Amino acid sequence: MSKRFGGEFSPNGPRDAGRPRETVTAQRLEVPSFKGRKPMRHGAKLNILFLLPLVAAGVALFQPVSGLAVDLAGAAALMLSAWLTRDGVRAEDAFDERKVARRPAIPRKVFGSVLMGAGVGLLVFGGQWNMAAALIMGLIAGALHLASFGLDPLSDKGLEGLDRRETDRIARKIEEAEAVLAQMTDAIKRARDRQLEARVQAFEETVRQMFRQVEADPRDLTAARRYLGVYLQGARDATVQFVELYARGRDTQVRADYEAFLTDMETNFAKRTTAMLTDDRTNFDVEIEVLRDRLTRENLRIEG
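In this report, we go over the structure that sits alongside the text.

What counts, and where the lines are drawn
Residues numbered from 1 in each chain as written. Predicted model: local features only at pLDDT ≥ 70, side-chain atom pairs only at ≥ 80, totals over all residues. Heavy atoms only, no water. Helix = DSSP H or I, 4+ residues; strand = E, 2+ residues; numbered from the N terminus. Buried < 20%, exposed > 50% of the residue type's maximum accessible area, 1.4 Å probe, protein only. Polar contact = N/O pair within 3.5 Å; in protein donor to acceptor, adjacent residues only side chain to side chain. Expected span 1.5 Å × (residues − 1). Contact = heavy atoms within 4.5 Å. Salt bridge = Lys/Arg side-chain N within 4 Å of Asp/Glu carboxyl O.

**Some details on the environment of glutamine 183**
Tracing the backbone shows glutamine 183 in helix 6 (residues 164–189). Relative accessible area serves as the criterion here: at 39%, glutamine 183 is assigned to the partly exposed category. As a C-alpha pair, glutamine 183 and glutamine 233 span 50 residues in sequence and 9.7 Å in three-dimensional space. Side-chain polar atoms of glutamine 183 contact the side chain of arginine 236, separated by 2.8 Å.

Have a look at this one:
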């Protein structure tokens, strides 16, 4: 007699016992939110870059010993080029999203172009033992790589009228906060729960709205310092502790407590960002009122 297969995480299994069918169905259909997220640029080209060294290494296995060593060195250079290029594209995307940012310390895409040229040159040299052909093909490959992916950002990006020290202070604080968010993302992935990953992504998007506000008005950094430091680190630590507890038995109460914690944190960050926007509006209204009074005393008028 046939027996229906089912388990803890199957629909209507022990995990869903006693819960309304509508709730179970809704949770099964829930997918991560991609609001505010952009697809990575050059995704297809980057995938090809990672495929090339694998093909080169496979072909190298059919070469004589001398050619094998040169071809494997070329394949290694291509793999390192792909890795640097991908990180360079990510760094440039993060640079473009911010209003205040420092240029990448290492020009990864430029180094990726150099390694691409070196890798192709080694592969050509190992196959033909022709130095001139290897140099020419290497130069062409490096130039095409640079034309495809472009240069890394070569200068810092800040606000006009803001001194370098203030710009560096804001950029450094936001970079530190972004690192904490990255650690939080890595931690929640260990829970292997897509719904929780989506929940953390939504919280991170709320935090990044505060980043943008601080970049737009550096005076808000003082008001946001505790949120971008103590509170954000607390959220990361709570996430790490939750994952450790949840991995032991996937306790639904622990999960519910963590989701409630995320909701509270997201609400507080959103309120703080809104308050900063309100303060900016209040300060603007006060400045306009002071200007009106001054012009009135000088027998002038301001409309509006």
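**A few points about helix 4 (residues 108–128)**
Across its 21 residues, helix 4 extends 30 Å between first and last C-alpha, which sits within 8% of the 30 Å expected from 1.5 Å per residue. Within the sequence span of helix 4, burial applies to Lys109, Gly112, Ser113, Met116, Gly117, Gly119, Val120, Gly121, Val124 and Gly126. Contacts from the buried residues of helix 4 go to helix 2 (43–60), helix 3 (65–97) and helix 5 (131–149). Immediately downstream of helix 4, the backbone of tryptophan 129 shows phi near 55°, a positive value.

**Description of unusual backbone geometry**
Of note, arginine 192 is a non-glycine position whose phi angle comes to about 55°, a positive value. Among the secondary structure elements, arginine 192 is positioned in the loop between helix 6 and helix 7 (194–216). Judged by its relative accessible area of 73%, arginine 192 is exposed. Positioned with a positive phi, arginine 250 is a non-glycine residue whose angle comes to about 50°. You can see arginine 250 is positioned in the loop between helix 8 (221–249) and helix 9 (252–297). Look at arginine 250 and you get partly exposed, because its relative accessible area is 25%.

**As for the pattern of salt bridges**
With the rule as written, the count across this model stands at eight salt bridges. Of the charged contacts, one joins aspartate 87 and arginine 86 as a salt bridge, the two residues approaching to 4.0 Å between their closest N and O atoms. Assessed through its relative accessible area of 24%, arginine 86 is described here as partly exposed. For the salt bridge of arginine 208 with glutamate 178, the shortest nitrogen-to-oxygen distance reads 3.1 Å. Placement of arginine 208 in helix 7 and of glutamate 178 in helix 6 is noted, with a sequence separation of 30 residues between them. A residue is classified by how much of its surface remains accessible, and arginine 208, at 22% relative accessible area, is partly exposed. What makes glutamate 178 buried here is its relative accessible area of 17%. Several salt bridges converge on common partners, so that one network encompasses Glu178, Glu204 and Arg208.

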